[in-house]
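Now for the letters of each chain:
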Amino acid sequence: MKKYIALCLLILIAANLFAQFDPQIGQYMYMPTAVNPAAAGEGDLMKVSGLHRMQFTGINNAPMTTYFAFCSPFRIGKTNHGAGARFMNDRYGLFTNQTFHVQYAYRHKLGKGYLSAGVDIGFVSVGFKGDSVNLDKLSGSSYHQSGDEKVPTGAQTGMSFDMGVGIYYTAPIWYVGLSYSHLTMPQVQWGDYATIRLRGTMYAFGGYNWRIRGTGFALKPSAMLMTDFRSWDINLTVLGEYKEKYRWGVGYRIGGSVTVLLGMDIIAGLQLGYTYELPTNKLLFESYGTHEVYLAYGFDILKPKRTNRYKSVRYL
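Residues numbered from 1 in each chain as written. Predicted model: local features only at pLDDT ≥ 70, side-chain atom pairs only at ≥ 80, totals over all residues. Heavy atoms only, no water.

**Comments concerning unusual backbone geometry**
This is how it is decided: A run of H or I in DSSP counts as a helix once it spans at least four residues, and a run of E counts as a strand once it spans at least two, with each numbered from the N terminus.
In this model, Phe56 sits at a positive phi of 55°, which is unusual for a non-glycine residue. The phi torsion at Met185 lies on the positive side, around 45°, for a residue other than glycine. Topologically, Met185 is positioned in the loop between β8 (174-181) and β9 (187-190).

Structure (structure tokens):
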């Protein structure tokens, strides 16, 4: 407990804090708009999706992340567009992060697929539960005193404008995307002593859909790179699919975890996914792993006579 409180205080006392803000996602292939606004409007249907991630269960105040997203394609004359919104609530330790963005993408027919360019605009909010800090537990430390004015005694919250951009190309059997979040490097001020400066994060991801003819099976490998150019996160995944309904697979986050993925279409348009991640580092002996649940529904309220199956590389 002392180590945990000392870590929080070390972060707070720093006059300027740079941080990789965005959390990890195991089922990134199902929620591309969480990292790339250019994916808004992919496919033929409106889509509502949600994801809840409980990381390092068994450890007190471990990270917990919730995503909600909505997106839809639309046409203006002969041009194709996409729009949507996304919300994230992230909690770890005494810190809370919240974001809300609206998204727009312009989609241009190119070759056999679509090339999209997108932007998301919104805000980030960073909070700290200063009223939960107990300096008495550090009374024996030579680095702190119980009356340290630089340590908040109440809850702290700050908000700042945020913006991200991305490009995305999807073809009948493959897709690839590149995006950059926190383009404006938002700054959140806590009182007179702490400024949170969020570093931009770059995402590069892609996937392929390989159907095994005459069997009903398909293999769908994918990969995602996430970096703020100080730290790197690389996630590799291979999914199997049967009759376009049942899915399973394995993943590996380099230096971080191994993952088992399961999923299925409950009814036409309604998809459920689950992952379990087991750490490959020292956290293996401290936690019970990470659980992540995903739920999405694709529908067409504008043209109800069309099928409800969501058409994209990931759902073909």
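**A word on the packing of aromatic side chains**
Applied cut-off: Any pair of Phe, Tyr and Trp rings, taking the six-membered ring for Trp, is counted once the centres come within 6.5 Å. Such a pair is stacked with planes under 30 degrees apart, edge-to-face with planes over 60 apart, and tilted for the rest. Summary of the burial criterion: residues with accessible area below 20% of their type's maximum are buried, those above 50% are exposed, and those between are partly exposed, where the area comes from a 1.4 Å probe applied to protein chains only.
Scanning all chains against the criterion turns up 12 aromatic pairs. Each ring, one from Phe100 and one from Phe123, has its centre 6.3 Å from the other, and the planes form 35°; the classification is tilted. Remark: Phe123 occurs in strand β6 (residues 113-129) and Phe100 occurs in strand β5 (residues 95-110); sequence separation between them is 23 residues. Overall, the relative accessible area of 30% leaves Phe123 in the partly exposed class. Ring centres of Tyr169 and Trp174 lie 5.2 Å apart, and the angle between their planes is 45°; on these two criteria the pair is classed as tilted. Exposure remark for Tyr169: the relative accessible area of 14% places this residue in the buried category.

**Thoughts on the pairing of strand β10 (residues 194-198)**
Under the convention used in this document: Here, a strand pair is defined by DSSP locating no fewer than two bridges between the strands.
Most of β10 is tucked away, with 4 of its 5 residues classed as buried. Both β9 and β10 contribute to a ladder of 4 bridges, which runs antiparallel. Bridged to Trp190 within β10 is Ala194.

**A short note on the pattern of salt bridges**
To keep it simple, the criterion reads: Note on definitions: salt bridges are taken to be side-chain nitrogens of Lys or Arg within 4 Å of carboxyl oxygens of Asp or Glu.
All chains considered together, the criterion is met by 10 salt bridges. The shortest N-O distance in the salt bridge between Arg211 and Glu244 comes to 3.8 Å. Linking Arg211 in strand β12 (residues 210-212) with Glu244 in the loop between β14 (232-242) and β15 (246-253), this pair joins segments that are 33 residues apart in sequence. Under the relative-accessibility criterion, Arg211 is labelled partly exposed at 32%. In this structure, the salt-bridge partner of Arg247 is Asp265, at a minimum N-O distance of 2.6 Å. Of the two residues, Arg247 sits in strand β15 while Asp265 sits in strand β16 (residues 257-267), which places them 18 residues apart along the sequence. Accessibility expressed as a relative area gives 4% for Arg247, which makes it buried. Connected through salt bridges with shared partners, the residues Arg211, Lys220, Glu241, Glu244, Arg247 and Asp265 form a single ionic network.

**Some remarks on the side chain of Thr227**
Note the threshold: Any pair of nitrogen or oxygen atoms within 3.5 Å is treated as a polar contact; in protein, a donor-acceptor pairing is required on top of that, and neighbouring residues in sequence qualify only through side-chain atoms on both sides.
Inspection of the secondary structure assignment puts Thr227 in strand β13 (residues 217-227). There is a polar contact of 2.8 Å between the side chain of Thr227 and the backbone nitrogen of Phe229.

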